[in-house]
Each structure stands twice: as C-alpha cells, then as structure tokens.
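Here is what each chain is made of, one letter per residue.
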Protein chains: 2
Amino acid sequence: MAKIKAFRNGTKKDAITQKAAGLFRRKGFASSSMRELADIIGVEASSLYNHIGSKSEILQTICFKVATEFNTHLQQVQGSGKDTLNKLENLIRFHIHMMLDSYDEVFVANHEWKQLPEPYLGNFLEQRKTYENSLIEIVSIGVKKEEIKNIHPYVAVLTILSAVRGLEFWHRQKKNLAVEALENDMVNHLLKGLTK
Amino acid sequence: MAKIKAFRNGTKKDAITQKAAGLFRRKGFASSSMRELADIIGVEASSLYNHIGSKSEILQTICFKVATEFNTHLQQVQGSGKDTLNKLENLIRFHIHMMLDSYDEVFVANHEWKQLPEPYLGNFLEQRKTYENSLIEIVSIGVKKEEIKNIHPYVAVLTILSAVRGLEFWHRQKKNLAVEALENDMVNHLLKGLTK
DNA sequence: GTACAAAACTAACGCTTATTAGTTTTTTTA
DNA sequence: TAAAAAAACTAATAAGCGTTAGTTTTGTAC
C-alpha cells in the first residue's frame, strides 16, 4: 500500500497536480488516463479521488493557476509607473521565466485549455483576451507617447507572445546556449524591433 | 442512406481526411470520435471503414502530407542558387501561405503529431529535425558568407519558426489587417533582424 | 491501547470507444 | 437487364474510460 508523497509546504493534491501536469504535457490531457496517473504516483486510480474531485478539476487547477500568475504579474507591471520599454521588458522576462520554471504547467495551459468544460472554458478565454488587450494597450500608449516606433500594436504583441512561446521547442536542448544568454538575446531582439 | 461526397479530382478518402482535419483541429485528435466524424460527413461510423484503414491512419495522412509539402519546397529552395536572404524570404512566405491555405492540416500536424504511433512518430520527428537543421545550415552559410549579420543560427531559426507559427492565433481575426499587409510586415520584420 | 480520521484498497458500474462481421442497398459494368 | 463491385447499413464485440461504493489499512490523539 503505497502512499502519495506531499512536498515541502504542499498538499497531496498539489503533488497529484504536479505529476499530472507532466503527464498531460507528454501525452495530452485526453490521452492520459487516471490509471496511468495513478501508476506514476504509485497508487490505485480510485485512491486519487480522496484528494481530487475529478480529472477535469486537475486541468482546471493547472490552467487557472498559470492564468492567475500571469495576471497578477501584469497588474504589478501596470501599476509600476515605468515607461513602455521597461514594462515590456519586465513582461517578456516574466514569460521566459515562467516557461523555464513551470514548463509543464505553462505547456498544459497553452495546449490543453480547449478541453476545459464550460463555464471554465469561457472564463479562461476571457482572461486570455483581457491579458492580450492589456498588452496591446501598453504598446498603444508607448506609440502615442512616442516612446516606441509607430507599429501596429496587435502585430507587436502577436510577435512577442509567439516568440516567448517558441521557447517550448527550445526547452530540453542540452546546453548549446546558456539560459541567461538566450533570455538576453530574445529580450534585446524583441525590444530592438520596437525602438525608433 | 447518405453518401460521402468526393471533391473535384479527389477521392472519398480525401474528403474524409479533410473533414477530419477540421474536427481534429477544433477538438483535438484524442477527443474526436469516429462517430462524430461520421456525423459531420452524414454517414454511419462503420461506413467510413470502406474508405480508410483506421482513425490513426487519418492522422498519419494529415501529418505526412504536410511534412512532405514543406520538405518538397525546401529542396526546391536549396537548389535555387539564390542568396541567403532570398532563400529565407521564400521559406517564410511559404510557411505563411501554408498556414493560411491549409490551416486545419498545418494546425493538426503541429499539435497532434504526438498521437502518432511508432514507427510514424519517429519518422515524423526525424523529418522535422532534418528540416530544422537545413534551415540552420542556410543561416550558417549566410553568416559565413557575410550576407547576414553574425547571429546564432539556431536562435534565428527558432525565432522565424515561432513567428510564423504564431499566425495560428491570428487566423479568424476578422479583417483588422489585410493578409498581404500582415505577410509583408512579418517578412520585413524577420528579415530586417538578420541584416547587418 | 482505544477511538477517530485519513487514505489506501478491491470490485464494480455504466458509458464510450474503435473496430469488425454480416447484410442490404446503390452504383457501375457488360 | 443481369451480374459484379462499391458503399452504405445494423448489430455487436472487446477494451478502456472516469468514477463510485464499500471495506480495510494506516496514522494520529487522548
């Protein structure tokens, strides 16, 4: 009779969620079974239900935890009073760090949100839209204040978000490139494309 | 008793595959059932098996059709004798056109290749790797010939591929931006980042 | 040690899945 | 028009799914 090991400062539900994030990333949410997850943890599938409500609830937990982290950081940036380029650099670096530090969770939130049931799906998409619009607004203000060059804000935001998301393909590359070097290269490249 | 409608110059298998690509894009491969696909086509699920071998075979057809199109175009570019920037522009434009013209298929190949069974999975990944390495080689030669600035070829290729892939989020946007304008903006932006 | 709660277990449920077998209908060929 | 081939149908199969019920074991507190 194996036991679920909780982490330092974490509940057993947290441990299950973390293992699930890894499994969902590797195989996809719909192709991952509760029995498979239980195997990884070293327990029977039914035992998981002492700690979680449902398979879907695990996905919800992952997706909204990631969304909340991004939104919290965004609000912090919005209230910082820094100039546009500083705000964007802060946001880009946060995206990169999230991708590197919480790879599984960010990957799952990016790829598996479609599997959320309503009303969670609508809620999640609304948060994404709001986040995207906030970034567009930041770029727009920068253009108006002439802090950055006159580009279409939507294209700029699309480019930035696509670029940082591309890091998921880089991940696991041995060490041709140091993390800090890649981070600085990407920040410089993305910001340089915005300066006048 | 409904019938499967084949297209101009297409077999019924092609019609099934095309409808499947749309379904798989919207719901994901694992979450799409053969009954659902049959419903969309207007036929019983078992009738599909007169034309296809299995659900997995449909995914294989989609993924390798896309891979072959990209590889064929790449070989054409490699043998063109043009300079580095011309080659890269050609490749970037092809990626954009593929994303716009064969949205469902490209999306499915990008998102659902993990669900391929061996040996198809290994084959697919090998083709992707080879494709990526060929792009890196093109950039490397450009750097060596001093046709483009001295950047890390891997980072350049990662940036280009991430950017064009980001177009899948843009798709379905009403018409804030004309297709040609977006295409030219993206090409210019990506190539400008490479010039000395 | 005894009582209580937490968390594991076994066993099963009802449902959905991809797929097959066998049959009937439709279309093509001669 | 009759025979042959293509493609639809109905019905069923075995396997896997998430989840629940009921029971037993484990850990905690007096």
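Going by the structure above, here's the rest.
Residues numbered from 1 in each chain as written. Chains lettered and ligands numbered in written order. Predicted model: local features only at pLDDT ≥ 70, side-chain atom pairs only at ≥ 80, totals over all residues. Heavy atoms only, no water.

### What to know about the nonpolar core
The condition that has to hold: Only buried residues count toward a nonpolar core, which is a set of Ala, Val, Leu, Ile, Met, Phe, Trp, Tyr and Cys residues joined through side-chain atoms within 4.5 Å. Note on classification: 1.4 Å probe, protein chains only; a residue is buried when its accessible area is under 20% of the maximum for its type, exposed when over 50%, partly exposed between these limits. The contact definition used throughout considers only heavy atoms, calling two residues in contact when any of these lie within 4.5 Å.
Core analysis: the largest hydrophobic core is formed by 122 residues, its most contacted members being A:Leu48, A:Ile58, B:Leu48 and B:Ile58. A:Ile58 has contacts with A:Ile16, A:Thr17, A:Ala20, A:Phe24, A:Met34, A:Leu37 and A:Ile52, leaving out every residue within four places of it along the chain.

### Some remarks on the side chain of B:Asn71
Residues and elements named next belong to chain B. The cut-off we apply is this: Secondary structure is summarised from DSSP: a helix means a run of H or I of at least four residues, a strand means a run of E of at least two, and numbering begins at the N terminus for each. In protein, a polar contact requires one atom able to donate a hydrogen and another able to accept it; more generally it is a pair of N or O atoms within 3.5 Å, and residues adjacent in sequence count only if both atoms are side-chain atoms.
By the secondary structure assignment, Asn71 is in helix α3 (residues 55–78). Relative accessible area serves as the criterion here: at 18%, Asn71 is assigned to the buried category. In terms of polar contacts, Asn71 uses its side chain to reach the side chain of Gln127, at 2.7 Å. The contact partners of Asn71, leaving out residues within four places of it in the chain, are Gln127 and Tyr131.

### Focus on the relation of the copies chain A and chain B
Defined as follows: Residues reaching a pLDDT of at least 70 in both copies supply the C-alpha atoms on which the copies are superposed by least squares.
Mapping chain A onto chain B leaves a residual RMSD of 0.0 Å; the transformation is a rotation of 179° accompanied by 0.0 Å of translation along its axis. Taken together, the rotation and translation relating the two chain copies correspond to the operation of a two-fold axis. Most of the interface of chain A is mirrored in chain B: 100% of its interface residues are interface residues there too.

### Focus: helix α2 (residues 34–41) of chain B
Residues and elements named next belong to chain B. We count it as follows: The arc in question is the one traced by the directions running from the helix axis out to the C-beta atoms.
Restricting attention to buried positions, one finds in α2 the residues Met34, Leu37, Ala38 and Ile41. Buried residues in α2, looked at end-on, bunch into an arc of 100°, giving them a common side. Relative to its buried face, α2 has exposed residues pointing more than 90 degrees away, namely Arg35 and Asp39. In the core, the buried residues of α2 are packed alongside α1 (12–27) and α3. Remark: Gly42 follows α2 within two positions and exhibits a positive phi of approximately 90°.

### Observations concerning empty space enclosed by the protein
Quick reminder of the rule: Only protein atoms enter the calculation, which uses a 1 Å grid: trapped sets of points that fit a 1.4 Å probe without letting it out are cavities, open sets showing protein on both sides within 12 Å along at least five of seven lines are pockets, and any residue with an atom within 4 Å of a point is a lining residue. Grid points are joined across faces, edges and corners, and a volume is the space filled by probe spheres set on the points. Polar here means any residue other than Ala, Val, Leu, Ile, Met, Phe, Trp, Tyr, Cys and Pro, which are nonpolar, and Asp, Glu, Lys and Arg, which are charged; Gly is therefore polar.
Applying the stated rule across the entire model yields four cavities of 30 Å³ or more. If you add up the space inside the largest cavity, you get close to 90 Å³. Lining the largest cavity are A:Ser162, A:Arg165, A:Gly166, A:Glu168, A:Phe169, B:Ser162, B:Arg165, B:Gly166, B:Glu168 and B:Phe169. Listed by contribution, the elements that provide at least two residues to the lining of the largest cavity are α7 (153–165) and α8 (167–170) of chain A together with α7 (153–165) and α8 (167–170) of chain B. Here the lining of the largest cavity is built from residues that sort into two nonpolar, four polar and four charged. Within this model, the second largest cavity holds a volume of roughly 60 Å³. The wall of the second largest cavity is formed by B:Leu88, B:Leu91, B:Ile92, B:His95, B:Leu135, B:Val139, B:Val157, B:Ile160 and B:Leu161. Residue assignment for the lining of the second largest cavity shows that the elements contributing at least two residues are α4 (84–101), α6 (120–144) and α7 of chain B. By residue number, the principal contributor to the lining of the second largest cavity is α4(B), which donates four residues. When grouped by side-chain class, the residues that make up the lining of the second largest cavity number eight nonpolar, one polar and no charged.

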